[in-house]
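Residues per chain, in single letters:
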Amino acid sequence: MQQQQIVPIKLLRKYDRPGPRYTSYPTAPVWSDRVDSALYVETLKESSGQVEAPLAIYNHIPFCERRCLYCGCNTVITRNQDRVRSYVHQMKKEIERASVHLGDRKKIAQCHFGGGTPTYLDNDLFDEVLGSLKSSFDFQPDAELSIEVDPRVTTPEQLEYLRQCGFNRISVGVQDFNSEVQVACGRVQSYDQVFSLMEKCRQLGFKGINIDLIYGLPKQTPESFAVSLNQALKLGPDRVAVYSFAYLPKMKAHQRKILEEDLPTTDVKYELFAIAVDRFVGAGYHQIGMDHFALPDDELSIAQSDGRLHRNFMGYTVQSAPEMIGLGLSSIGYIGGSFFQNYPAIDQYGEAINSGKFATYRGMKLSEDDLVRQFVINSLMCNFHLDFSRFADRFGTGYHDYFKEEHGNLTEFFDDDFLEESDQGLAIKPLGRTFVRNIAMTYDAYFNKSDPAGPTFSRTI
Ligand code: SF4
């Protein structure tokens, strides 16, 4: 069992600052619009020779019937089935195009459907996307097929269908069980709805069942959130993600409907997060990264203990397919040492695909220095550990030689008991897990140079 650790509010206050989530390094705001469809084609072709190297695939299904007020996703609100159908046809073209350029490189180890609401697609449209993926690529027998589901709209029949299609991992959007909070968020779903959906998932044999919660939502109080956390624990999920609500009314117009006076104060928000860490670690869950938790026998906890946990845009994973193809609007891929992102707007995405190209609108080719820093940040974010000899083997130089200045900047983390160093490497201590983003920021060459007028990141807590 991981050591339980109450996170002191004064430390949350001290380290709460704008900072990246490090789902990628370098982070998206520093990518360039010079990375385009032509470079993507070239990169896919160059990587086609690695026929044994498995790939991961992310599929973005952006549609929802109505918008939750806290939503920060790239979503298209529609009931127009023609629009949905033409998007599916565009995705199929994108899948087939990627497959052609990848030549004999066909192995798929991980495939995720996110959104939006992926189950917004009816089974016929789902068949079209999945059929295209399965005929274009070669899914490995142990491939992880995962999907995000909304308990309000996903039926037992849909779950049966997904299981028959080979889906084996599922993530359920919960956010909070309190009815006042739900009304203030414009998303009402009962505990019973979530309970029966999870029961059905278990019956069907889904593994690694995840629920998403959010702290910092309107009307949340430490008392109400503690009750919601107890209800979440009663469901017995294998995994839990507890995200911070990013209130960005200037950028997300729909969030303006949330009354500012309904939001918890910053100190209350810290308390909400501290309660969540305390409840889940206290109940025996392992803290995975800053805000994810998994049961000790879940494969994420086991992989973390063995130092082989990975992280990509789909979250934490045990699959060693570091290269990923992004499909659909706003999706991100990583291949041949470069990131590629598709247009976030549905019309631009559709136009690009219909013109015979890919919909790439920005990305980044990583330099040698980027790759070194990416390795360190990923090691700390995933495994809470950096192994000095693995670093030296990989990059032909010693950690201390390369990061003399950055290592010197870790002093406050050692002083606050977040980190320890041995001859083998750096290890993040239990208290430091909550502040892993702050520690990772030490190694970010772009963030430390960025000017105050530069990109805005959500706060670390
Ligand atoms: S269901 Fe998810 S993606 Fe859709 S509006 Fe709500 S939060 Fe956003």
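Residue numbers here run from 1 along each chain, matching the order of that chain's written sequence. Local features in a predicted model are, by the rule used here, given only for residues with pLDDT of at least 70; side-chain atom pairs are given and counted only at 80 or more, and totals for whole chains, interfaces and linings are based on all residues.

### Side note on the overall build of the chain
Point 1. What counts as a helix is a DSSP run of H or I of at least four residues, what counts as a strand is a run of E of at least two, and both are numbered from the N terminus. Along the chain, the regular secondary structure elements total 17 helices and 19 strands.
Point 2. All radius of gyration figures rest on C-alpha atoms, and the globule criterion is 2.2 Å times the number of residues raised to 0.38. Expected size for 461 residues packed as a compact globule is a radius of gyration near 23 Å; at 22 Å, the chain falls within 12% of this value.
Point 3. Along the first, second and third principal axes, the C-alpha set of the chain runs to 55 × 55 × 45 Å.
Point 4. Exposed residues have 12 or fewer other C-beta atoms within 10 Å of their own C-beta, buried residues have 20 or more, and partly exposed residues fall in between, where C-beta atoms are placed from the backbone. Burial analysis of the chain (461 residues in total) assigns 46% to the buried set.

### Observations concerning the domain arrangement of the chain
Point 1. By domain assignment, the chain separates into domain 1 (1-26 + 367-461) and domain 2 (28-324).
Point 2. Between domain 1 and domain 2, the C-alpha centre-to-centre distance is 25 Å.
Point 3. Residue pairs qualify as contacts under a 7 Å threshold applied to their C-beta atoms, which are placed from the backbone. Residue-level contacts link 25 residues of domain 1 with 27 residues of domain 2.
Point 4. The set of elements that each furnish at least two residues to the side of domain 1 that touches domain 2 consists of helix 1 (9-15), helix 12 (368-383) and helix 17 (436-441).
Point 5. For the side of domain 1 that touches domain 2, the leading source of residues is helix 12, giving four residues.
Point 6. For this scheme, ten residues count as nonpolar: Ala, Val, Leu, Ile, Met, Phe, Trp, Tyr, Cys and Pro. Four count as charged, namely Asp, Glu, Lys and Arg, and the remainder, Gly too, count as polar. Of the residues in the side of domain 1 that touches domain 2, the class split is twelve nonpolar, ten polar and three charged. Note that the domain bounds were set by an automatic or database domain assignment.

### Describing helix 12
Point 1. By this rule the span expected of a helix is its residue count minus one, scaled by 1.5 Å. Between its terminal C-alpha atoms helix 12 stretches 22 Å, which fits the 22 Å expected from 16 residues at 1.5 Å a residue.
Point 2. For helix 12, every residue scored as buried is listed here: Val-372, Arg-373, Val-376, Ile-377, Asn-378, Ser-379, Leu-380, Met-381, Cys-382 and Asn-383.
Point 3. Once helix 12 finishes, Phe-384 follows within two positions and takes phi at roughly 55°, a positive value.

### Focus: the nonpolar core
Point 1. We call a set of buried Ala, Val, Leu, Ile, Met, Phe, Trp, Tyr and Cys residues a nonpolar core when their C-beta atoms link them within 7 Å. Ranked by internal contacts, the top residues of the largest apolar core, which has 128 residues, are Ile-57, Val-240, Ala-276, Leu-380, Val-436, Ile-439 and Ala-440.
Point 2. With nine residues, the top contributor of residues to this core is helix 9 (residues 266-282).
Point 3. The residues that make up this core include at least three from each of domain 1 (1-26 + 367-461) and domain 2 (28-324).
Point 4. In this structure, Ala-440 is in contact with Tyr-22, Ile-377, Leu-380 and Met-381, ignoring residues within four places of it in sequence.

### Some details on the environment of Gly-186
Point 1. Take Gly-186: it is sitting in the loop between helix 6 (179-185) and helix 7 (191-204).
Point 2. Between the alpha carbons of Gly-186 and Asp-401 there is a distance of 53 Å; along the sequence they are 215 residues apart.
Point 3. The contact partners of Gly-186, leaving out residues within four places of it in the chain, are Cys-68 and Leu-69.

### Some thoughts on the site of the ligand
Point 1. The immediate surroundings of the ligand are formed by Cys-64, Arg-67, Cys-68, Cys-71, Cys-73, Thr-75, Gly-115, Gly-116, Thr-117, Asp-150 and Gly-173.
Point 2. Of the residues assigned to the shell around the ligand, the class counts are four nonpolar, five polar and two charged. Using a C-beta atom placed from the backbone, a residue is scored as near a molecule or strand whenever that atom is within 6 Å of it.

### So, the sheet that holds strand 19 (residues 425-428)
Point 1. Pairing between two strands requires that DSSP report at least two bridges joining them. Taken together, the three strands give an open sheet; going across it, the order is 17-19-18, and neighbouring strands pair in antiparallel fashion. Looking along the sheet, the strands with just one partner apiece sit at the ends: strand 17 (385-387) and strand 18 (419-421). Direction aside, the axes of adjacent strands within the sheet are offset by 15° on average.
Point 2. Pairing of strand 17 with strand 19 involves three bridges; the strand directions are antiparallel. Looking at strand 19, one finds that His-385 is bridged to Ala-427.
Point 3. For helices, the axis comes from a line fit to the C-alpha atoms of the stretch in contact; other axes are also lines fit to C-alpha atoms, and the angle between any two N-to-C directions lies between 0 and 180 degrees. Each of strand 17 and strand 19 is contacted by helix 13 (residues 388-395), which is oriented at about 55° to strand 17, the strand it contacts most.

### Some remarks on the packing of helix 5 (residues 156-164) against helix 7
Point 1. Here helix 5 crosses helix 7 at 30°, and the two axes come no closer than 10 Å. By the criterion of interaxial angle, the relationship of helix 5 to helix 7 is roughly parallel. Classified by chirality, the crossing of helix 7 by helix 5 is right-handed. Contact residues: helix 5 offers Pro-156, Leu-159, Glu-160 and Arg-163, while helix 7 offers Lys-200, Cys-201 and Leu-204.
Point 2. Looking at side-chain class alone, the contact of helix 5 with helix 7 contains four nonpolar, no polar and three charged residues. By the definition adopted for this analysis, an angle is roughly parallel if under 35 degrees, roughly antiparallel if over 145, roughly perpendicular if from 65 to 115, and oblique otherwise. Two helices cross in a left-handed way if the nearer one is turned anticlockwise from the farther one by less than a right angle. They cross in a right-handed way if the turn is clockwise.

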